[in-house]
Structure formats: C-alpha cells, structure tokens
Amino acid sequence: MIVLQPMNDYDFKQFLEVSIDSYAEEKASAGNWKQEEAYEKSKQEFERLLPEGRHTEDHFLYTIVNQAIEEKLGSLWVKVDNEAKEAFIYEFAINEDKQGRGFGTEAIKALEVLLEKKDIEGLSLHVFGHNTKAIRLYERLGFKTTNINMKKSLQPKSLLSD
C-alpha cells in the first residue's frame, strides 16, 4: 500500500537538492532557460514558491512510501487553494528505479483521497511536452489537456550581413 507521509526535514533537504537540479534540466531541455543560467533560476523559483520551506502555507510536501516495507519511492508537492477548491501539483517524482510498477498511479490516487477529504474539487498540474511517459500516466488517470504552449527554434541571420 502506498501512503503519502508529510516530509521531514531530512527528506525535504533531499527533495530540494534533487528537484532544483531536475527542474533546471527540464527548463533547459524545453528551451525555456539557457543551460548556464538554469540552476540559479531554478533555485530562485523554489525560494519564491517555498519561502518557509516545507512549512509554507497551503503547500504540502509528501514522501511517497511503500508502507508494506517502509520504502521511500518518491516525492509529491501540491499547493491547495481552499477558496477556489483547487489543488496544483508542483512536483511529482517516482524514483527512477521504481518507475513502471504502478506506484505513480497509486500515489496520485492517494493524493486524490486526501484532497477529496478537504473538499477540493479540481486537481491540475504542468508537464513538459517532451515527457511523454508522464503525459501518458496523467491521461490514464483522467487528466485532460487544458492548455498547450508551443515553441519553434529559429536560426537568426546576422543583422550585420551585407
């Protein structure tokens, strides 16, 4: 059985280290940020979103645990807007060596149960377009596409060419 345990200080520190790097790589891969500036921008974004760390109001950070064997499988960060009755997943990660075994599906379903108990009516997230594995998972779980951003890289000509 998969459970979502509130992150302790140790897990939060590990989460930040991995997540800041991962987010920087994703933003650079997607072409949103230049590789050389991605880490610093990612770090700033996490500091902005979690100014009080794991104690930031309305943000819930969980360690995903296989309760049967007390094994940590990943992490989940969600922000709840009680007024709008909506929640947003900022980060969801299953450890690479544990992927493809249904743990992600179970973790999202456990989150849905927690949110329904809080009278939350909607759950949304962002996924990078190149992450087709995650997109398939979210579609199987009933998520629907609400927006699509697209980008094309251009090869600019020199303004100085004669």
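Chemist: Sorry if this is basic, but what is going on with the side chain of His-59 here?
Modeler: Among the secondary structure elements, His-59 is positioned in strand β2 (residues 59-66). A distance of 3.0 Å separates the side chain of His-59 from the side chain of Trp-77, its partner in a polar contact. When near neighbours in sequence (up to four residues on either side) are disregarded, His-59 contacts Leu-49, Leu-50, Arg-54, Trp-77, Val-78, Lys-79 and Tyr-90.

Chemist: What should I look at first to understand the confidence of the model for the chain in this one?
Modeler: As a note on interpretation, predicted positions should not be read in detail where pLDDT is low. Of the residues in the chain, 97% have a pLDDT of 70 or more, and the chain-wide mean is 93. Element-level mean pLDDT values for the chain span from 91 in helix α4 (residues 132-140) up to 98 in β2.

Chemist: How should the packing of helix α1 (residues 9-29) against helix α2 (residues 35-49) be read in this particular structure?
Modeler: Between two packed helices, what matters for the description is the angle formed by their axes and the separation of those axes. Contact geometry of α1 with α2 gives a least axis separation of 8 Å together with a crossing angle of 130°. Comparing their axes, α2 and α1 come out oblique. Taken as a pair, α1 and α2 cross one another with a handedness that is right-handed. Contacts between α1 and α2 involve Phe-15, Leu-16, Ser-19, Ile-20, Asp-21, Tyr-23, Ala-24, Glu-25 and Ala-28 from the first element and Gln-35, Ala-38, Tyr-39, Ser-42, Lys-43, Glu-45 and Phe-46 from the second. Considering only residue class, the contact of α1 with α2 consists of nine nonpolar, three polar and four charged.

Chemist: Mind showing me how you'd approach the pairing of strand β4 (residues 86-94) here?
Modeler: Side-chain positions along a regular strand alternate between the two faces of the sheet. The pairing of strand β3 (residues 71-81) with β4 spans eight bridges and is classified as antiparallel. Bridging from a neighbouring strand, Ser-75 pairs with Ala-93 of β4. Where β3 folds back onto β4 in an antiparallel hairpin, the turn is made up of four residues, including Lys-85, whose phi is positive at roughly 60°. Bridge analysis of β4 against strand β5 (residues 122-125) gives four bridges, and the strand direction is parallel. What sits directly across from Glu-86, in β5, is Gly-122. Remark: the β4/helix α3 (residues 103-117)/β5 crossover connection has right-handed handedness.

Chemist: What is the right way to look at the nonpolar core in this model?
Modeler: Most often, soluble globular proteins keep nonpolar side chains buried together rather than apart. In this structure, Leu-4, Ile-64, Leu-76, Ile-89, Phe-92, Leu-111 and Tyr-138 are the most contacted members of the largest nonpolar core, which totals 25 residues. Of all the secondary structure elements, the ones that give two or more residues to this core are β1 (2-6), β2, β3, β4, α3 and α4. With six residues, the single largest contributor to this core is α3. Once residues lying within four places of it in the same chain are set aside, the contact partners of Phe-92 are Ile-64, Ser-75, Leu-76, Gly-104, Ala-107, Ile-108, Leu-137 and Tyr-138. In terms of nonpolar packing, the next biggest core, distinct from the first, is built from nine residues, Ile-20, Phe-46, Leu-49 and Trp-77 among them.

Chemist: I keep staring at the side chain of Thr-63 and nothing clicks. Help me out?
Modeler: Locating Thr-63 in the fold gives a position in strand β2. Using a relative accessible area of 6% as the deciding quantity, one classes Thr-63 as buried. For Thr-63, the side chain forms a polar contact with the side chain of Asp-11, separated by 3.1 Å.

Basis of the calculations
Residues numbered from 1 in each chain as written. Predicted model: local features only at pLDDT ≥ 70, side-chain atom pairs only at ≥ 80, totals over all residues. Heavy atoms only, no water. Helix = DSSP H or I, 4+ residues; strand = E, 2+ residues; numbered from the N terminus. Polar contact = N/O pair within 3.5 Å; in protein donor to acceptor, adjacent residues only side chain to side chain. Contact = heavy atoms within 4.5 Å. pLDDT = per-residue confidence, 0-100. Axes fitted to C-alpha atoms, helices over the stretch in contact; angles between N-to-C directions. Parallel < 35°, antiparallel > 145°, perpendicular 65-115°, else oblique. Left-handed = near helix turned anticlockwise from the far one by under 90°. Nonpolar A, V, L, I, M, F, W, Y, C, P; charged D, E, K, R; others polar. Pairing = 2+ DSSP bridges. Right-handed = clockwise from strand over helix to strand, strands pointing away. Core = buried A, V, L, I, M, F, W, Y, C linked by side-chain atoms within 4.5 Å. Buried < 20%, exposed > 50% of the residue type's maximum accessible area, 1.4 Å probe, protein only.

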